[in-house]
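Observations on the three-dimensional arrangement
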Amino acid sequence: MKVRKAVIPAAGLGTRMLPATKTVPKEMLPMVDKPVIQYIIEEAVEAGIEDILIVTNRAKSAMDDYFDYYPELETRLNQAGKDRELHEVRRAADLANIFYVRQKETKGLGHAIWRAKRFVGDEPFAVLLGDDVMRAKKPVIGQLIEAAEKYEASAVGVQHVATEAISKYCSLKVEPLEERIFRTTDMVEKPRPEQIFSNYAILGRYVLSSAIFDILEDLEPGYGGEIQLTDGLKKLCQKEKMVAVDFEGHRYDTGNLRGFLEATIDFAMEHPETGAWLKEFVRAKAKTL
Ligand code: G1P
């Protein structure tokens, strides 16, 4: 079982990051020197993914433009001897085979994933949520692919979440299989306190069997009146094997201001151009607080 394809749902309205996201898609906001979505695509590519489908909407055409060539700009950079910039601009466009489909109505994450049915066909595929940026030694989606291959199962990426926070996510029923890997047989989206199975919640990464599409097609709206991916996964894990991987790495929710700032600061501290300077700046600033 080789996972070659990934789907990135990126059709949300970005209401948690207004007013910036009124005209700039939240996935295109710059984090240090790259848009958020590039971090996600790079993670997929590093894990061996070749074809990527981005599920967009009518306000997101800046994404297609970003991953395209831009001959006038490239010629100008070339003439000016700006080799590093030229290399980076080209590299973004050559990262992967990127495809797009629009989610014509905002009907939820499950509905966005269902739009990938034709692209995926009959093979296992990865899902990387457009807001969830990971900082990890080994790509998080690669950790899931490994587990999915080993157990011949679907795999979801989980972490232990505080009880006060779990109602923002989902909660999984889990039984240990080995260190950091569980079997999962039930789950609930945005649980109320009495519905919590465990403190393990899915955080933005999935490797799914194509059987999810038929399930999503018939799914009734769930939490918030939307077609929820978690409701589809609940059915999938009762029909086929699914494992939950307690992945190694830090997850940032870049769809909200705090998560976006945390990620920006952490990535800037590691960036060769800004790292040393930013650490010095923060140290000096801290003294004045
Ligand atoms: C989505 C999923 C939820 C998951 C969360 C974090 O929720 O529906 O199951 O835990 O992402 O990846 P949302 O953030 O869209 O409310």
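These remarks concern the structure in this document. (Residues numbered from 1 in each chain as written. Predicted model: local features only at pLDDT ≥ 70, side-chain atom pairs only at ≥ 80, totals over all residues. Heavy atoms only, no water.)

Comments concerning the overall build of the protein chain
- Within the protein chain, the regular secondary structure consists of 11 helices and 13 strands.
- Taken against the 2.2 N^0.38 rule, which gives 19 Å for 289 residues, the C-alpha radius of gyration of the protein chain at 20 Å falls within 12% of a compact globule.
- Counting all 289 residues of the protein chain, 51% fall into the buried class.
- Residue pairs in contact within the protein chain that sit at least 24 positions apart in sequence constitute 76% of those at least 6 positions apart.
- Taken as a whole, the protein chain presents about 14900 Å² of accessible surface, with 51% of it coming from carbon and sulfur.
- Here the protein chain contributes 41 positive and 46 negative side-chain charges, whose respective centroids are spaced 3 Å apart. (Helix = DSSP H or I, 4+ residues; strand = E, 2+ residues; numbered from the N terminus. Rg over C-alpha atoms; globule rule 2.2 N^0.38 Å. Buried < 20%, exposed > 50% of the residue type's maximum accessible area, 1.4 Å probe, protein only. Contact = heavy atoms within 4.5 Å. Areas by Shrake-Rupley, 256 points an atom, 1.4 Å probe, with all protein chains shown as cover. Lys, Arg positive; Asp, Glu negative; His and termini not counted. Charge placed at Lys NZ, Arg CZ, Asp CG, Glu CD.)

Describing the nonpolar core
- I37, I41, I52 and I54 are the most contacted members of the largest nonpolar core, which has 50 residues in total.
- The biggest single contributor to this core is helix α7 (residues 140–151), with 7 residues.
- Non-local contacts of I52, meaning those with residues more than four positions away in its chain, are made with A6, I8, I41, A44, V45, A96, N97, I98, F99 and F119. (Core = buried A, V, L, I, M, F, W, Y, C linked by side-chain atoms within 4.5 Å.)

What about the packing of aromatic side chains?
- Per the stated rule, a full pass over the model turns up 7 aromatic pairs.
- Between W277 and F281, the aromatic rings sit 5.5 Å apart at their centres with planes inclined by 25°, giving stacked as the arrangement. In this pair, W277 and F281 both sit in helix α11 (residues 275–287), 4 residues apart, roughly one turn of the helix.
- Through a chain of ring-to-ring contacts, the aromatic side chains of Y39, Y252 and F267 assemble into a single cluster.
- Between K5 and the ring centre of F119, over which it is positioned, the NZ or CZ distance is 5.4 Å.
- Positioned above the aromatic ring of Y39 is the side chain of K34, whose terminal nitrogen or guanidinium carbon lies 4.6 Å from the ring centre. (Phe/Tyr/Trp six-rings, centres within 6.5 Å; stacked < 30°, edge-to-face > 60°. Lys NZ or Arg CZ within 6 Å of the ring centre and 35° of its normal.)

A short note on the pattern of salt bridges
- For the coordinates displayed, the defined rule picks out 26 salt bridges.
- Linking D131 and K26 is a salt bridge whose minimum nitrogen-to-oxygen distance equals 3.1 Å. Taken together, the residues D131 in the loop between β6 (125–128) and β7 (132–135) and K26 in the loop between β1 (5–9) and β2 (30–31) connect sequence positions 105 residues apart.
- You can call K26 buried: its relative accessible area is 15%.
- The partner of R84 in a salt bridge is E273, and the shortest N-O contact between them spans 3.6 Å. Note that R84 is positioned in helix α4 (residues 83–93) and E273 in the loop between α10 (257–270) and α11, a separation of 189 residues in sequence.
- Here the salt bridges share partners, and the residues they tie into one network are R16, K26, D131 and D253. (Salt bridge = Lys/Arg side-chain N within 4 Å of Asp/Glu carboxyl O.)

Notes on unusual backbone geometry
- The peptide bond linking L18 to P19 adopts the cis configuration, its omega dihedral lying at 5°.
- Its location among the elements puts P19 in the loop between β1 and β2.
- Notably, E152 is not glycine yet its phi reads approximately 45°, a positive angle.
- Counting through the fold element by element, E152 comes out in the loop between α7 and β8 (154–160).

As for the site of the ligand
- Residues in close proximity to the ligand total 13 residues, the closest being D132, E189, K190, I202 and G204.
- Take G204: an N or O atom from its main chain is 2.9 Å from an oxygen atom of the ligand.
- Between the ligand and T230, the relevant distance is 3.2 Å, taken from an oxygen atom to a side-chain nitrogen or oxygen of the residue.
- Relative to its free-state accessible area of 390 Å², the ligand is covered by the protein chains to the extent of 76%.
- The element best represented in the shell around the ligand is strand β11 (residues 200–208), accounting for 3 residues.
- The residue inventory of the shell around the ligand, partitioned by class, reads 6 nonpolar, 3 polar and 4 charged. (Near = heavy atom within 4 Å. Polar contact = N/O pair within 3.5 Å; in protein donor to acceptor, adjacent residues only side chain to side chain. Nonpolar A, V, L, I, M, F, W, Y, C, P; charged D, E, K, R; others polar.)

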